[in-house]
Amino acid sequence: MNWDETGHDTDERLDERLVDAGADGEDTAVEAALRPKDLDEFVGQEKVREQLDLVLKAARARGATADHVLLSGAPGLGKTTLSMIIAAEMGAPIRITSGPAIQHAGDLAAILSSLQEGEVLFLDEIHRMSRPAEEMLYMAMEDFRVDVIVGKGPGATAIPLELPPFTLVGATTRAGLLPPPLRDRFGFTGHMEFYAPAELERVIHRSARLLDVAIDADGAAEIAGRSRGTPRIANRLLRRVRDYAQVKADGWIDRTVAAAALGVYEVDARGLDRLDRAVLGALLKLFGGGPVGLSTLAVAVGEERETVEEVAEPFLVREGLLARTPRGRVATPAAWTHLGLAPPPHGGKGQQDLFGA
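Caption draft 1: Representation of helix α11 (residues 274-286) in the model. The terminal C-alpha atoms of α11 lie 17 Å apart, and with 13 residues this matches the ideal 18 Å at 1.5 Å per residue to within 8%. Among the residues of α11, those classed as buried are L275, D276, V279, L280, G281, A282, L283 and L284. Looking at the buried residues of α11, the elements they touch are α12 (294-301), α13 (305-318), β10 (322-325), β11 (328-331) and α14 (333-338). N-cap assignment for α11: the residue whose side-chain oxygen lies 3.3 Å from the backbone N of L275 is D273.

Caption draft 2: Quick look at unusual backbone geometry. Phi at F144 is positive, roughly 50°, even though this residue is not glycine. Looking at the element boundaries, F144 is found in the loop between α5 (131-143) and β4 (145-150). A positive phi is found at R228, a non-glycine position, where the angle reads about 60°. Following the sequence through the fold, R228 ends up in the loop between α8 (217-225) and α9 (231-248).

Caption draft 3: Quick peek at a nonpolar patch on the surface. Together, M84, I94 and I96 make up an exposed nonpolar region whose accessible area comes to about 220 Å². Along the polypeptide, M84 turns up in helix α3 (residues 79-90). Residue M84 is classed as partly exposed on the basis of its relative accessible area, which comes to 30%.

Caption draft 4: Quick look at the packing of aromatic side chains. Counted under the stated rule, the structure contains one aromatic pair. An angle of 80° between the planes, with centres 5.5 Å apart, marks the rings of F144 and F166 as edge-to-face. Separated by 22 residues along the polypeptide, F144 in the loop between α5 and β4 and F166 in the loop between β5 (157-162) and β6 (167-172) bring together distant segments of the chain. On the accessibility criterion, F144 (22% relative accessible area) is partly exposed. If you follow R228 out to its NZ or CZ, it ends over the ring of F315, 3.9 Å from the centre.

Reading the values: the criteria
- Residues numbered from 1 in each chain as written.
- Predicted model: local features only at pLDDT ≥ 70, side-chain atom pairs only at ≥ 80, totals over all residues.
- Heavy atoms only, no water.
- Helix = DSSP H or I, 4+ residues; strand = E, 2+ residues; numbered from the N terminus.
- Expected span 1.5 Å × (residues − 1).
- Buried < 20%, exposed > 50% of the residue type's maximum accessible area, 1.4 Å probe, protein only.
- Contact = heavy atoms within 4.5 Å.
- Polar contact = N/O pair within 3.5 Å; in protein donor to acceptor, adjacent residues only side chain to side chain.
- Patch = residues over 30% accessible without salt bridge, like charges linked within 9 Å, V, L, I, M, F, W, Y side chains within 5 Å.
- Areas by Shrake-Rupley, 256 points an atom, 1.4 Å probe, with all protein chains shown as cover.
- Salt bridge = Lys/Arg side-chain N within 4 Å of Asp/Glu carboxyl O.
- Phe/Tyr/Trp six-rings, centres within 6.5 Å; stacked < 30°, edge-to-face > 60°.
- Lys NZ or Arg CZ within 6 Å of the ring centre and 35° of its normal.

Right under this line is the structure:
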């Protein structure tokens, strides 16, 4: 299983979304047993895996700590897992913290000063770290030294503190928010891509073996196709389908059982859930496919503007079902097809301008 750091919802009601890529309490409890322990077990991300393997092998051959590593990509793709694999491959302990937890330079200094030689420090959501701590991190990464300020005002004194060599693994869902001086100090940068269905099928089969779940190839393919290219979601769907199969199908998962189970949980064949279909349905049925403003669309589905923009829209845009334009949100022809609706004539407006419909 491959996944990584937690995401965050903009609405507490969305905590129960089955297709949210952030980790909930159940995910956290299950993840430890399902994480791959080395690069050979890690499924997908072939380029990142190959490049990282070279970086780690070269560091081991030199008897040195590995270069600092920056991993970027959407939640649930494997950034935390790779950080743990880096530590395991280097035979080093790992310390895990997050950007939001480091609000002062002193917080970071306390962590850095307690590191052992060769230790891996995993800093999740590194783009959310405070600016003073970020500036301290520059020197720590480059010179393995920090200046601890003692006292205040004119009498303040900077005491240099030498650090043992360590490897920082930074993870971010928004690499563009990292300042260039910080990005430049990473020796290796890897971008995590969404998974192909075939890769997710391998993830599902591996997790099914570890969870002692009976599933055939068609059942795995059905779950993979609804998993939004994200291993964390694939494993969550597998657990829900397992529950359904235990109650209604003697524990056996095939395509029919998987489709029926995910129908109960309102996850359709393309991975859309209730919120996604509500947004598309309002756009198509109430506004003729658009264009319509984001605030108006949010009111129509009874959600906050931020919820529609940050939770529903990214996947709909990635699937080619919705387009963001200067005039507002517009449904694509694929959206009409997916909901089984016929697009109305637009008389030169909206979709006609964009898609020639």
